Amino acid sequence: MPRSLGKIWIWIIPVAIVAAGIFYYFFDPTTSVLAPKCIMKEITGYQCPGCGFQRAAHAFLHGRVLEAVSYNLFFIIAIPYFLILLYSTLMMHREHPSRTTVRLYDMATSRYAVFSYIVLYLIWWVVRNIIGM
């Protein structure tokens, strides 16, 4: 990625995350018509792995961690992985990333980490529809 494009993303991504955080703080997805509905659930009736994530984000932003986890158990894995991936990717675009940043980025983007995340995601998809979570 060209250096100038990397600098733009260093600002766009955090601003987008903050904007989404503000949206989900003030708008409850269970009652707001502004929150998008899951197309998979609307069409098939089955929950996708991300179903409940908007409600979980809203609850989490209000300090209700156990409620957030009850909406989507995968929240426990997805949020830390996403934050590590986001932080390390953004820090890799600095002039001289630290060795720790490089190691963190290499770990988060390794085949093993990405494959593990995808496998867990697919397992969660099946399990949540069998158990009804």
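The preceding data block contains the structure.
Below you will find a few notes about this structure. Keep in mind that what you see is a predicted model, and the values were worked out from it rather than measured.

Conventions and cut-offs
- Residues numbered from 1 in each chain as written.
- Predicted model: local features only at pLDDT ≥ 70, side-chain atom pairs only at ≥ 80, totals over all residues.
- Heavy atoms only, no water.
- Helix = DSSP H or I, 4+ residues; strand = E, 2+ residues; numbered from the N terminus.
- Contact = heavy atoms within 4.5 Å.
- 1 Å grid on protein atoms, 1.4 Å probe; cavity = no way out; pocket = protein on both sides within 12 Å on 5 of 7 lines; lining within 4 Å.
- Points joined across faces, edges and corners; volume = space filled by probe spheres on them.
- Nonpolar A, V, L, I, M, F, W, Y, C, P; charged D, E, K, R; others polar.
- Salt bridge = Lys/Arg side-chain N within 4 Å of Asp/Glu carboxyl O.
- Buried < 20%, exposed > 50% of the residue type's maximum accessible area, 1.4 Å probe, protein only.
- Phe/Tyr/Trp six-rings, centres within 6.5 Å; stacked < 30°, edge-to-face > 60°.

On to the environment of Lys41, then. Tracing the sequence through the fold places Lys41 in helix α2 (residues 39-44). Taking the C-alpha atoms as reference, Lys41 lies 8.0 Å from Cys51; in sequence the two are 10 residues apart. With near-sequence residues (within four places) excluded, Lys41 lies in contact with Tyr46, Gln47 and Cys51.

Any empty space left between the atoms is revealed when a probe the size of a water molecule rolls over them. A volume near 460 Å³ is recorded for the largest pocket. Taken together, 16 residues make up the lining of the largest pocket; nearest its centre are Ile17, Phe53, Ala57, Ile79 and Phe82. Elements supplying a minimum of two residues to the lining of the largest pocket: α1 (3-26), α3 (53-61) and α5 (75-92). Of the residues belonging to the lining of the largest pocket, the class tally is 14 nonpolar, two polar and no charged. Considering only enclosed or pocket space, the second largest pocket measures out at about 390 Å³ in volume. Considering the residues around the second largest pocket, the lining is formed by 20 residues, among which Cys38, Cys51, Gly52, Gln54 and Arg55 are closest to the centre. Of all elements in the fold, only α2, α3 and α7 (111-131) reach the threshold of two or more residues within the lining of the second largest pocket. Partitioned by chemical class, the residues of the lining of the second largest pocket number 11 nonpolar, five polar and four charged.

For the coordinates displayed, the defined rule picks out one salt bridge. For Glu67, the salt bridge goes to Arg64, with nearest N and O atoms at 2.6 Å. Given the relative accessible area of 28%, Glu67 is considered partly exposed.

Bringing the packing of aromatic side chains into the picture now. For the structure on display, the rule yields nine aromatic pairs. The interplanar angle of 80 degrees and the centroid separation of 5.0 Å between the aromatic rings of Tyr25 and Phe26 together place this pair among those described as edge-to-face. Classification of Tyr25 by relative accessible area gives partly exposed; the value is 37%. Looking at Phe26, the relative accessible area reads 60%, which means it is exposed. Aromatic pair Phe60 and Phe75: ring centres 5.5 Å apart, planes at 65 degrees, arrangement edge-to-face. You can see Phe60 sitting in helix α3 and its partner Phe75 sitting in helix α5, a full 15 residues away along the chain. By relative accessible area, which is 6% here, Phe75 ends up buried. Each member of the aromatic cluster is reached from another via a ring pair, and the members are Phe74, Tyr81, Tyr117 and Tyr121.

Right, let's get into the side chain of Thr101. When you line up the elements, Thr101 lands in helix α6 (residues 99-108). Classification of Thr101 by relative accessible area gives buried; the value is 7%. Those residues in contact with Thr101, other than ones at most four positions away along the chain, are Ser88, Met91 and Met92.

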